[in-house]
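# Geometric and topological summary
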Amino acid sequence: MDVDTRLLRYFAAVAQEGNLTRAAQRLYITQPALTRQIRQLEALLDVRLFTRSRTGMTLTEPGRALAAGVPALLDDWERLRRETRSTAFRAARVLRIGFLASAANELTPHITAAFRKRRPDWRVEMRQAPWSDPTAGLAAGDVDAALLRLPFPGQDRMRTDVLLTEPRWIVLPSGHRLADHEEIAFRELWDEPFVAAPGETGAWQDYWLAVDAREGHPARIGAVTEHPDDWLTAIANGDGIALAPASAARYYPRPGLVHRPVTGVAPTSVGVAWPPAADADPVVQDFVACCREQSAAEATERG
């Protein structure tokens, strides 16, 4: 009997949530579809895993036994999957670099060019991630290193070097009451709805809402987006405004939007990040060295 790991992931989500609706939302599938998957797993195992009631889903004795072992099994499978894929990419001499939005801005092509010069037999594969994954695949082990906005969730478990720092600006619809101001105090925006990153990003969402600069004033979320295009569209449609790096004015200009300097919020930084295990990886360290060199060269050029 073969059981798809997908069924085990669905089972684990229901076991952890104790509720089909919440588990379905977490898995981004419909509740009827999740119910069918759980029934399929029960049929394959020929056991009843849950007792269903109005209050939720309660594990049976066999269900508790399975729930005790599934997390470790899934973790082992995920580790093997990552190691297998990593080995395949290394055999093909491909370095996987995760990034968000504009990566390291204008430094990015200089970094990759420097790496190609240092490692001409290797190729850099840039992998863009949605804002729902602020580590751009680094935490999951899907990339070898990443160019990330700091701080990011789990940063204390990674190595990081800051490459550049820039102000945070505000992005507004062109018809906004403050759009013609040359500079805006963040306090004037506290009551505005904001376009935010997904809630599961936790501190990442809070950072881009500048929760720490609100003096306890609660943030209002008008829309949630994961990709730059959706984010820009939400702002243009009047769903909210958003903090962004100053470089967004260069990388994401759009008719109907204005980018303005904002006071009262700390600047944002971009860093290169890599797992501690890669300290001994000469290829990753060559990429990190290229990041440092290009960052230093730009700082020297700026004077």
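Residues numbered from 1 in each chain as written. Predicted model: local features only at pLDDT ≥ 70, side-chain atom pairs only at ≥ 80, totals over all residues. Heavy atoms only, no water.

Judged by pairing direction, the sheet is mixed, and its 4 strands sit side by side in the order β8-β12-β7-β11 without closing on themselves. At either margin of the open sheet sits one strand with a lone partner, and together these are β8 (184–185) and β11 (242–245). (Pairing = 2+ DSSP bridges. Helix = DSSP H or I, 4+ residues; strand = E, 2+ residues; numbered from the N terminus.)

All chains considered together, the criterion is met by 17 salt bridges. Salt-bridge contacts for arginine 64 lead to glutamate 61; the nearest nitrogen and oxygen are separated by 2.2 Å. On the criterion of helical spacing, the pair formed by arginine 64 and glutamate 61 is a turn pair, its members being 3 residues apart in helix α4 (residues 61–91). Relative accessible area serves as the criterion here: at 55%, glutamate 61 is assigned to the exposed category. (Salt bridge = Lys/Arg side-chain N within 4 Å of Asp/Glu carboxyl O. Buried < 20%, exposed > 50% of the residue type's maximum accessible area, 1.4 Å probe, protein only.)

Let us now look at the sheet that holds strand β6 (residues 159–166). If you trace the 5 strands from one edge of the open sheet to the other, you get β4-β3-β5-β13-β6, paired in mixed fashion. Of all the strands in the sheet, the pair left with one neighbour each is β4 (123–128) and β6. When the angles between neighbouring strand axes are averaged without regard to direction, this sheet yields 20°. Two elements, strand β3 (residues 94–99) and strand β5 (residues 145–150), share 3 bridges in a ladder whose sense is parallel. Across the sheet, phenylalanine 99 pairs through a bridge with leucine 147, a residue of β5. Helix α5 (residues 107–118) rests against β3, β4, β5 and β6 of the sheet, and its axis sits at about 150° to β4. (Axes fitted to C-alpha atoms, helices over the stretch in contact; angles between N-to-C directions. Contact = heavy atoms within 4.5 Å.)

Quick look at the packing of aromatic side chains now. Scanning the model with the defined rule gives 7 aromatic pairs in all. Geometrically, the ring pair formed by phenylalanine 11 and phenylalanine 50 is tilted, given 5.5 Å between the ring centres and 50° between the ring planes. Taken as a pair, phenylalanine 11 in helix α1 (residues 5–17) and phenylalanine 50 in strand β1 (residues 50–53) lie far apart in primary sequence, 39 residues in all. Of the two residues, phenylalanine 11 and phenylalanine 50, both sit in the buried class. Aromatic pair phenylalanine 115 and phenylalanine 287: ring centres 6.0 Å apart, planes at 70°, arrangement edge-to-face. One end of the pair, phenylalanine 115, is in helix α5; the other, phenylalanine 287, is in helix α9 (residues 282–302), with 172 residues separating them in the sequence. Comparing phenylalanine 115 with phenylalanine 287 shows no difference in burial state: the two are buried. Site record: aromatic cluster; members linked through ring pairs are Trp131, Trp231 and Tyr252. We note arginine 168 situated over the ring of tryptophan 208; from NZ or CZ to the ring centre the distance is 5.7 Å. (Phe/Tyr/Trp six-rings, centres within 6.5 Å; stacked < 30°, edge-to-face > 60°. Lys NZ or Arg CZ within 6 Å of the ring centre and 35° of its normal.)

Looking now at α5. Compared with an ideal rise of 1.5 Å per residue, which puts 12 residues at 16 Å, α5 spans 16 Å between its outermost C-alpha atoms and is within 8% of the ideal. Of all the residues in α5, the buried ones are Leu107, Thr108, Ile111, Thr112, Ala114 and Phe115. The buried residues of α5 all sit within an arc of 160° when viewed along its axis, so they share a single face. For α5, the elements touching its buried residues are β3, β4, β5, β6 and α9. (Expected span 1.5 Å × (residues − 1). Arc of directions from axis to C-beta.)

Attention now moves to the packing of α5 against α9. Contact geometry of α5 with α9 gives a least axis separation of 9 Å together with a crossing angle of 130°. Judged by the angle between their axes, α5 and α9 are oblique. Considering how the two elements wind past one another, α5 and α9 form a crossing that is right-handed. Listed contacts from α9 to Leu107, His110, Ile111, Ala114, Phe115 and Arg118 of α5 are Val283, Asp286, Phe287, Ala289, Cys290, Cys291, Glu293, Gln294, Ser295 and Glu298. Within the contact of α5 with α9, the residues separate by chemical class into 9 nonpolar, 3 polar and 4 charged. (Parallel < 35°, antiparallel > 145°, perpendicular 65-115°, else oblique. Left-handed = near helix turned anticlockwise from the far one by under 90°. Nonpolar A, V, L, I, M, F, W, Y, C, P; charged D, E, K, R; others polar.)

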